[in-house]
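So you can see what is in the structure, the chains are spelled out below.
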Amino acid sequence: MSLLAGVDVGGTKIQVVVTSPDLEVIGQSRGPTPAAGGPPAVVDALCALLDEARRQAGADGLAAIGVGAPGTIEKATGVVARSPNLAGWMDPFPLGPELERRTGARVGVDNDVHAGMLGELRLGAARGLRDVLGVWFGTGVGGAVVLDGALRSGPHGASGEIGHVCVRVGGRRCGCGRRGCLEAYAGRASMERRARRLMAEGRRTDLFRIMEHRGLDHLTSGVFARALAAGDDLAQDLIDEAVAAAGSGIASVVNVLDVEAVVIGGGLGTRLGEPFVARVAAAMQPHLFVTGAARVVPAALGDLAGALGGAAAAADLVTPVRRPARRRASGTG
Ligand SMILES: [Zn+2]
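As the structure is a computational prediction, the values presented were derived from the model and not from experiment.

Enquirer: Quick rundown of the coordination of the zinc ion? Include the residues and the values.
Expert: The protein atoms that coordinate the zinc ion are H164 (ND1), C174 (SG), C176 (SG) and C181 (SG), at distances spanning 2.1 to 2.4 Å. Each of the four donor atoms around the zinc ion contributes to a set of angles spanning 106 to 116°, which defines the coordination as tetrahedral. Sequence positions of the donors to the zinc ion reduce to the motif H-x9-C-x1-C-x4-C. Pair noted here: H164 is in the loop between β10 (150-151) and α4 (182-186) and C176 is in the loop between β10 and α4, with a separation of 12 residues, a long-range link. For H164, a relative accessible area of 30% corresponds to the partly exposed category. For C176, a relative accessible area of 27% translates into the label partly exposed.

Enquirer: Please give an account of helix α9 (residues 266-284) that cites residues and values.
Expert: For α9, built from 19 residues, the straight-helix expectation of 27 Å at 1.5 Å per residue is missed by more than 12%, its first-to-last C-alpha distance being only 19 Å. Where α9 bends most, at G273, the angle is about 110°, and the proline P275 comes one to four residues later. G266, L268, G269, L272, G273, F276, V277, V280, A281, A283 and M284 are the residues of α9 that are buried.

Enquirer: Report on the domain arrangement of the chain, specifying residues and quantitative values.
Expert: Segmenting the chain into domains produces domain 1 (4-117 + 303-318) and domain 2 (128-300). Placing a centre on the C-alpha atoms of domain 1 and another on those of domain 2 gives a separation of 25 Å. Between domain 1 and domain 2, the contact holds 10 residues from the first and 17 residues from the second. Both faces considered, domain 1 and domain 2 share a buried interface measuring about 1,100 Å² in area, 66% of it formed by carbon and sulfur atoms. When the buried surface of domain 1 facing domain 2 is broken down by residue, V113, H114 and M117 rank first, second and third, together holding 57% of it. The tally of links from domain 1 across to domain 2 stands at zero salt bridges. Across the contact surface, domain 1 and domain 2 share one residue pair in polar contact (both at pLDDT 80 or more). Where the side of domain 1 that touches domain 2 is concerned, the elements lending two or more residues are β7 (106-111) and α3 (112-123).

Enquirer: Which residues make up helix α1 (residues 38-56), and what are the values?
Expert: Spanning 19 residues, α1 covers 28 Å between terminal C-alpha atoms, matching the ideal 27 Å at 1.5 Å per step. Among the residues of α1, G38, P39, V42, V43, A45, L46, C47, L49, L50, A53 and R54 are the ones counted as buried. Buried positions along α1 lie against β1 (4-9), β2 (13-19), β3 (25-32), β4 (64-69) and α2 (95-103). Phi turns positive one or two residues past the end of α1, at G58, with a value near 70°.

Enquirer: Hey, could you go over the pairing of strand β9 (residues 141-147) for me, with residue numbers and the actual values?
Expert: Most of β9 sits out of view: six of its seven residues are buried. For strand β8 (residues 132-137) and β9, the ladder comprises six bridges, and the chain directions are antiparallel. Each bridged residue has a counterpart across the sheet, and for V135 the counterpart in β9 is G143. As consecutive antiparallel partners, β8 and β9 are separated by three residues.

Enquirer: So, the environment of A293: which residues are in play, and what are the values?
Expert: Relative to the assigned elements, A293 resides in the loop between α9 and β12 (295-298). Assessed through its relative accessible area of 24%, A293 is described here as partly exposed. Spatially, the C-alpha atoms of A293 and L151 are 20 Å apart, while their sequence positions differ by 142 residues.

Enquirer: For the side chain of N111, give the residues involved together with the corresponding values.
Expert: In this fold, N111 is placed in strand β7. Side-chain polar atoms of N111 contact the backbone oxygen of G71, separated by 3.4 Å.

Enquirer: Describe the environment of V167, with residues and values.
Expert: On the secondary structure map, V167 appears in the loop between β10 and α4. As a C-alpha pair, V167 and G247 span 80 residues in sequence and 9.3 Å in three-dimensional space. With near-sequence residues (within four places) excluded, V167 lies in contact with G180, C181, L182, Y185, A245, S248 and G249.

Enquirer: Describe unusual backbone geometry, with residues and values.
Expert: Its identity is not glycine, yet D148 carries a phi of approximately 50°, on the positive side. Within the fold, D148 resides in the loop between β9 and β10. Even without glycine at this site, D258 takes up a positive phi of about 50°. You can see D258 is positioned in the loop between α8 (233-257) and β11 (261-265). For D258, a relative accessible area of 55% gives the class exposed.

Enquirer: Before we move on, could you go through the nonpolar core and cite the residues and values that matter?
Expert: Of all hydrophobic cores here, the largest spans 51 residues; its most connected members are L133, F137, L207, I250, V262 and I264. Ranked by residues supplied to this core, first place goes to α8 with 12 residues. What I264 contacts, discounting residues up to four positions off in sequence, is V135, F137, I250, G269, F276, V277, V280, V296, V297, P298 and A299. Of all hydrophobic cores here, the second largest spans 31 residues; its members include V18, L99, A105 and V107.

Parameters at a glance
- Residue positions are given per chain, counting from 1 as you read along its sequence in written order.
- Only residues with pLDDT of 70 or above have their local features reported here, since the model is predicted, and side-chain atom pairs are shown and tallied only from 80 upward, although totals for entire chains, interfaces and linings are computed over all residues.
- Based on all heavy atoms of the structure, the side-chain values leave hydrogens and waters out of the count.
- With water omitted from the atoms examined, metal sites may look incomplete; donors here are N, O and S atoms no farther than 2.8 Å from the metal, or 3.2 Å in the case of Na, K and Ca.
- By the criteria applied here, four donors are tetrahedral when all angles lie between 85 and 135 degrees, four are square planar and six octahedral when opposite donors are over 155 degrees apart and every other angle lies between 65 and 115, and any other arrangement is irregular.
- Starting at the N terminus, helices and strands are each numbered in turn, a helix being any DSSP run of H or I of at least four residues and a strand any DSSP run of E of at least two.
- Only protein chains enter the area calculation, which uses a 1.4 Å probe; residues under 20% of their type maximum are buried, those over 50% are exposed, and those in between are partly exposed.
- In this scheme, a helix's expected span is set at 1.5 Å multiplied by one less than its residue total.
- For a residue, the bend is simply the angle between two axes, fitted respectively to the seven-residue segment ending there and the seven-residue segment starting there.
- What fixes the domain bounds is an automatic or database domain assignment.
- The contact rule is simple, with two residues in contact once any of their heavy atoms fall within 4.5 Å.
- By convention, the term buried area covers the 1.4 Å-probe accessible surface removed from two parts as they join, with the contributions of both added.
- For this document, the term salt bridge refers to a Lys or Arg side-chain nitrogen within 4 Å of an Asp or Glu carboxyl oxygen.
- Within 3.5 Å is the distance limit for a polar contact, defined as a pair of N or O atoms, with the added protein rule that one can donate a hydrogen and the other accept it, and that residues adjacent in sequence qualify only through two side-chain atoms.
- Here, strands pair whenever DSSP counts at least two bridges between them.
- Within this scheme, the nonpolar core is defined by two criteria: the residues are buried Ala, Val, Leu, Ile, Met, Phe, Trp, Tyr or Cys, and they are joined through side-chain atoms within 4.5 Å.

Have a look at this one:
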């Protein structure tokens, strides 16, 4: 049996699944993303986790591996051109070819959010839908666009970069260097920078106390969730800002694409769950051209979306996907 693997390389952890050809999970493993050593260390960690999941699945080898990685990916070559959220990953690195050499399997590499969206499209919240926008709230804010049932890549592989839609002209500085991007208000790293600045200016918050109590060195989605549950004012203000920015940014993209649904995922989106999704949906309404245009739903696959999407991409490598032909409009022939 030709087994598949899906890998989700995140800023803090690597998740691996090994699946049957029909994407049933039969092995999985998870470990921290190396904080030092750059791409070679990530490849070593990744190979060890692949071995672990493969052994768990009782498999001798893997037919294909689909990898989702953060940053700019040259999908055709498997090169990760730039990955600012991975430590020491400054220069282009041929992740796909290197993994093929190490594992003997065929390897496809895509943007982590695109992989997550593919997972949701084949197995999760977007199953059966043709036109969908995915918005992933995590360290940054990523996105993915599905039109006519196909995940869009774009000529620069940058389709769906909703985090860098401008929600406030001349607004807060974004990690990308521009101003007023959605990510500058709704990305976890930007929210942490804002929290540190406000605390230095004298605002009280339990965010960093919770972080230290958990032995962490940055504000994870779990820390935000805990602070919100405890009624922390600063955490609440940051989430309010994130929701407002997300509402206008997402609605603007919905106005352009006219999708059926918006899927909200990512670490922060998943952790804050339904209440966050409902708030984002409400914040979109004043900005929508068509009232109530798109359903807004939470991602269904949680932490496994990216890895399962990787496995789905691996399945496509082995058996290229055949999408049903579009029905011709009547009266043309
Ligand atoms: Zn930006």
